[in-house]
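# Working through the structure, step by step
Single-letter residue listing:
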Amino acid sequence: MPQLSVRVDHQPTLQLPWEVFRGHLLDQSQTRSTRLFEAWSVQLEPALMGESDPLLCVLIDWESKRLYVVRSILVHGHEAYEDDDRTIKTREVRKGQRELVGSLPLDESLDEAGFRRLLNVTLKRAVLGTSRLPITSIESPLPAFSLGKFAYLGEETPESDDALTGSEALLDWGLSVNLSTWERAKRLETLLRCTSVEGVSWLAVQFFDRTAAAGWRPDELPKVIRSLFNGVALSPMTGFSENLVALLCSWTRCDALGPAPVIELVGYLLRHLVRHLTAFNLEIFHHLGANYPDAPLLDSLLGAYVRLINAHPDEFADRAGDDESRQKLKRLRRRALRQAWYVRREYQGLPVPDEPSSPGENLRVLPQPWQRIPEEQFLYRDERSRELFVDVAAEELLSEFGWHLLRSSVRDLRDRVELRELGTGLFLDRPLGVFKRPAEIDRTVLLSYVTFSRTIAKERLDRLSEWGLIPMDRELEELKVMLEDSYFERGVSVADYPNESRPGVVCLEDASKAAPDVRFLKTTRSSLDDFLGQYDLSALDEVDHAIAERLRTDDHILLIRPPNASPDVALLRAYDREGNCLMEFGVARRADGEVALTEVAGIEYIEGGLVARCPHRTAEGASEATPEPVLAVNFV
């Protein structure tokens, strides 16, 4: 492929077809409305797939005083045409699909620094996608980014108008500034996407050395990898997964890091990948397993983990003299082996399409060697000729010591924390999206939940028994009796929610498809921080600082839509570990009584903010005389 360059054009006036319907920027064939903009466009030269539309556009509508960020994706679409006999027909064509990423007001509501920051955020979302779990096209990265051909680094650019070209240039400059963990993760992801598999060993050494020279501490690298993993989109399948695993393996040979941190990292990635596949399994979700990029990643990570086990057995097996914390650490490491090996064995032989994809992604035009998947492979498993994990059976992965360790990890199930992990998943919800209309794009905050299902745990115990890993029927029954303990009944049950889902949007109700007894245990700390960061908590601090501080710091908060409750009464409730309600959040309505969502920089908020209610204060009579605090939106 020829060397790519970036061209930026400015047009003082540009008239475009323009109509937004429920968040979607309509195709020019679907609207007669137009609007006049001042425009800046970004284009790759030569175009990656021969597209004529720019990758990105920044459009200013001076009349309405609003700035818009739009991107274009080349897709396999349809157009109408008139046949020779004057019959209107349709035919498949390649066309640019415009997507509205976000907008900013051009008024006094934002100062210059805030405006620049939010524009920077919106442009990054245009390149990287608007969600860490892509469901719709706008939530997915630009193909040029996924293929390692284009990235946007932000305002912190070299003193030059030229674009950075190649991983060497990014290493020379892009790691030397003061970056957040998320920014660092995206820089590393960019490097992994634009580096060939042959260059990963070089990248591993260079990245480690240059980050150290830039002032990064060795203990910051695991945080970067975890952030990268939690926010990466694996489709379309590229060499990214293999490069990530190769990078981690290379770091085991780094004297300043050593194998232990890499063991922790690979174990973390395996455990959380299994939680995702426990919730969104390949039998029901992911278009009946058609979109399966998690499976090859799990296979690569498990292979690397097995090699680490064989090379460093004392890091996994209990030894005389291990104190309690060391035993707990090793149990956690064995958990990763047990959970990952189980899922790989469970999906062994599962029919899948030729490549992981979804019907929506299959519409995107990609360069060679990527091919479109026949539609029948999405709809019917019988039309799929490929099977997962048949090259090497799960039973052949492990050495004699590996089998010993796997059996030890099954014996660990006598610990109720380990037994709970057998049925633990990770589900998602956009709680503020309940005010959305059908088919409307949902840009509200995404919350993730650690869940548990007794049904899934029992099914997995039965499988482990069938595979000979729980050899005695008595042991199996004892573990099932343990599952009946009240310890496994904490949280909010999905059975209490109406069995309704929101097409095209993740929601709590999806959990009922995985098992009827899924229970939501807690909101992940990172997604809770995302939610709290969108609103100003200072008003809550004045009313109940202790509760506000718990929301900010407690790792066992469940912030969830209450089942069978109207959003007018309580949109969200925050529970502590014991199930006590700490706080209720309602919505601040407009003067006309309506709930309005406002979008800034591609993120939607409750326009009037949230109303906070402390139930224990109401019980004590305190809130009778004290107005309920309103948490205003915090855009910047």
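Look above for the structure.
Reading the values: rules and limits
Residues numbered from 1 in each chain as written. Predicted model: local features only at pLDDT ≥ 70, side-chain atom pairs only at ≥ 80, totals over all residues. Heavy atoms only, no water. Pairing = 2+ DSSP bridges. Helix = DSSP H or I, 4+ residues; strand = E, 2+ residues; numbered from the N terminus. Contact = heavy atoms within 4.5 Å. Axes fitted to C-alpha atoms, helices over the stretch in contact; angles between N-to-C directions. Buried < 20%, exposed > 50% of the residue type's maximum accessible area, 1.4 Å probe, protein only. Polar contact = N/O pair within 3.5 Å; in protein donor to acceptor, adjacent residues only side chain to side chain. Phe/Tyr/Trp six-rings, centres within 6.5 Å; stacked < 30°, edge-to-face > 60°. Left-handed = near helix turned anticlockwise from the far one by under 90°. Nonpolar A, V, L, I, M, F, W, Y, C, P; charged D, E, K, R; others polar.

### With respect to the sheet that holds strand 10 (residues 424–429)
Ordered by their spatial adjacency, four strands build an open sheet running 10-11-13-12, and the pairing between neighbours is antiparallel. Each edge of the open sheet carries a strand with a single partner, namely strand 10 and strand 12 (492–493). Packing against the sheet, helix 18 (residues 525–533) makes contact with strand 11 (447–452) and strand 13 (519–523), and its axis sits at approximately 145° to strand 11.

### Considering the sheet that holds strand 15 (residues 572–575)
The antiparallel open sheet is built from five strands, whose spatial order is 14-15-16-19-20. Each of the sheet's edge strands pairs with one partner strand only, and the pair in question is strand 14 (558–560) and strand 20 (630–631). When strand 15 meets strand 16 (residues 581–587), the two strands line up antiparallel, connected through four bridges. Bridging across to strand 16, Ala574 finds its partner in Met583. Sheet strands touched by helix 19 (residues 538–553): strand 15, strand 16, strand 19 (610–613) and strand 20. Its angle to strand 16, the strand with the most contacts, is close to 125°.

### Structural notes on the environment of Arg525
Take Arg525: it is sitting in helix 18. Under the relative-accessibility criterion, Arg525 is labelled buried at 18%. Sequence separation between Arg525 and Leu413 is 112 residues; the distance between their C-alpha atoms is 26 Å. One polar contact links the side chain of Arg525 to the main-chain carbonyl oxygen of Arg552, over a distance of 3.0 Å.

### Structural notes on the packing of aromatic side chains
One pass over the structure, following the stated rule, counts 17 aromatic pairs. Between the aromatic rings of Trp341 and Trp403, the centroid separation amounts to 5.7 Å while the plane-to-plane angle is 70°, which identifies the pairing as edge-to-face. In this pair, Trp341 sits in helix 11 (residues 324–346) while Trp403 sits in helix 13 (residues 400–411), placing the two residues 62 residues apart along the sequence. Across the pair, exposure class does not vary: Trp341 and Trp403 are buried alike. Pairing Tyr449 with Phe520 gives two aromatic rings, centres 5.9 Å apart and planes at 75°, and the pair type is edge-to-face.

### Side note on the packing of helix 8 (residues 259–279) against helix 10 (residues 294–311)
Where helix 8 contacts helix 10, the two axes come as close as 10 Å, and the packing angle between them is 145°. Viewed along their axes, helix 8 and helix 10 form a crossing whose handedness is left-handed. Between helix 8 and helix 10, the residues in contact are Val262, Ile263, Val266, Gly267, Leu269, Leu270, Leu273, Val274, His276 and Leu277 and Asp294, Leu297, Leu298, Leu301, Leu302, Tyr305 and Leu308, respectively. Considered class by class, the residues forming the contact of helix 8 with helix 10 number 14 nonpolar, two polar and one charged.

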